[in-house]
Amino acid sequence: SGDAEGSRTDFVLGVDTELFGGNTIAGLFIARDSFLLDDGIVDVSARGLSIGPYFAHRLGGVVIDGHLGTGKPEYDYGATEYEADRLFGGLGVRGTARFGSLAVTPFATVATWREEHPDATIEGTAQAGREISATTGSLGARVDFGDLGGIAPYVSAAADYSRIDDGMGGDDEYTSGRYGL
């Protein structure tokens, strides 16, 4: 919302192995991300590398997956540059039930990140070090209708929740629907 616009690009590469008879995978990822935001007052950009472990475990018809990561993104606020400390993670669970050719997959996910920013002078104004964070969650389901002559149609719906804390008292919280087909 508002007058800001921007973009984000992430490239993630992982390597993993099967454990416990193939019901579990565990691995390590490395990610490169870049972010650009123009709010009409000052341009903000960030870039950095992140690394961490991930896993997925199949328990009958249910899959539980998660990840944990850390990084040191480099920020540019106009002419000001600094490095932050980032910690993030997520957890998801989903299962599939079949009804003839229909496959129904309910899911729930939660992800969070936190960054420690140092003291900085941005656009001539001293800013105290702060912690920024965000948490998102999603609860929904996907219905796959099977292979219909080379076409595999599906519909999905979810309720999404997000809370963002900018570390300066400007918390945002919202819920929204997400639909797909």
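Residues numbered from 1 in each chain as written. Predicted model: local features only at pLDDT ≥ 70, side-chain atom pairs only at ≥ 80, totals over all residues. Heavy atoms only, no water.

**Examining the layout of surface pockets**
Argument step 1. If you add up the space inside the largest pocket, you get close to 1400 Å³.
Argument step 2. Taken together, 37 residues form the lining of the largest pocket, with Arg8, Phe35, Tyr75, Trp113 and Ile132 sitting closest to its centre.
Argument step 3. Those elements that place two or more of their residues in the lining of the largest pocket are strand E1 (5–19), strand E2 (24–38), strand E3 (43–59), strand E5 (74–77), strand E7 (85–95), strand E9 (102–117), strand E12 (130–144) and strand E13 (154–165).
Argument step 4. Of the residues forming the lining of the largest pocket, the biggest block, six residues, is contributed by E2.
Argument step 5. Broken down by class, the residue content of the lining of the largest pocket amounts to 18 nonpolar, eight polar and 11 charged.
Argument step 6. When contributions to the lining of the second largest pocket are tallied by element, the ones reaching two or more residues are strand E4 (62–71), E7, E9 and E12.
Argument step 7. Among the elements that take part in the lining of the second largest pocket, E9 stands out by supplying six residues, more than any other. (1 Å grid on protein atoms, 1.4 Å probe; cavity = no way out; pocket = protein on both sides within 12 Å on 5 of 7 lines; lining within 4 Å. Points joined across faces, edges and corners; volume = space filled by probe spheres on them. Helix = DSSP H or I, 4+ residues; strand = E, 2+ residues; numbered from the N terminus. Nonpolar A, V, L, I, M, F, W, Y, C, P; charged D, E, K, R; others polar.)

**Digging into the pattern of salt bridges**
Argument step 1. All chains considered together, the criterion is met by 13 salt bridges.
Argument step 2. Each of Asp33, Arg86 and Glu115 takes part in one network of salt bridges that share partners. (Salt bridge = Lys/Arg side-chain N within 4 Å of Asp/Glu carboxyl O.)

**A few points about the packing of aromatic side chains**
Argument step 1. Across all of its chains, the model carries four aromatic pairs by this definition.
Argument step 2. Centre to centre, the rings of Tyr75 and Tyr77 are 6.1 Å apart; their planes meet at 25°, and the pair counts as stacked.
Argument step 3. Classification of Tyr75 as buried rests on a relative accessible area of 8%.
Argument step 4. Residue Tyr77 is classed as buried on the basis of its relative accessible area, which comes to 14%. (Phe/Tyr/Trp six-rings, centres within 6.5 Å; stacked < 30°, edge-to-face > 60°. Buried < 20%, exposed > 50% of the residue type's maximum accessible area, 1.4 Å probe, protein only.)

**Overview of the nonpolar core**
Argument step 1. Formed by Val42, Val44, Ala46, Tyr75, Tyr77, Tyr82, Ala84, Ala120 and Ile122, the largest nonpolar core amounts to nine residues.
Argument step 2. Mapped onto this core, the elements with two or more residues apiece are E3, E5 and strand E10 (120–122).
Argument step 3. Leaving out residues up to four positions away in the same chain, Ala46 has contacts with Asp33, Ser34, Phe35, Glu74 and Tyr75. (Core = buried A, V, L, I, M, F, W, Y, C linked by side-chain atoms within 4.5 Å. Contact = heavy atoms within 4.5 Å.)

**What to know about the pairing of strand E14 (residues 172–180)**
Argument step 1. Where E13 meets E14, nine bridges bridge the pair, whose relative direction is antiparallel. What sits directly across from Tyr161, in E14, is Thr175.
Argument step 2. Hairpin connection from E13 to E14: six residues lie between these consecutive antiparallel strands, with Gly167 at a positive phi of about 80°. (Pairing = 2+ DSSP bridges.)

**Structural notes on unusual backbone geometry**
Argument step 1. Unlike most non-glycine residues, Phe20 shows phi in positive territory, near 50°.
Argument step 2. Mapping Phe20 onto the fold places it in the loop between E1 and E2.

**Quick look at the environment of Gly14**
Argument step 1. Topologically, Gly14 is positioned in strand E1.
Argument step 2. Given the relative accessible area of 45%, Gly14 is considered partly exposed.
Argument step 3. Taking the C-alpha atoms as reference points, Gly14 and Ser101, 87 residues apart in sequence, are found 33 Å from one another.
Argument step 4. In contact with Gly14, other than residues within four places in its own chain, are Leu28, Phe29 and Tyr54.

**Looking at the environment of Gly177**
Argument step 1. Within the fold, Gly177 resides in strand E14.
Argument step 2. Spatially, the C-alpha atom of Gly177 lies 6.0 Å from that of Asp160, the residues being 17 residues apart in sequence.

**Regarding the side chain of His117**
Argument step 1. One can find His117 in strand E9.
Argument step 2. Classification of His117 as buried rests on a relative accessible area of 4%.

**Overview of the pairing of E1**
Argument step 1. Two elements, E1 and E2, share 15 bridges in a ladder whose sense is antiparallel. Bridge pairing in E2 links Leu19 to Thr24.
Argument step 2. The turn linking E1 back onto E2 is made up of four residues, and Phe20 within it adopts a positive phi angle of 50°.

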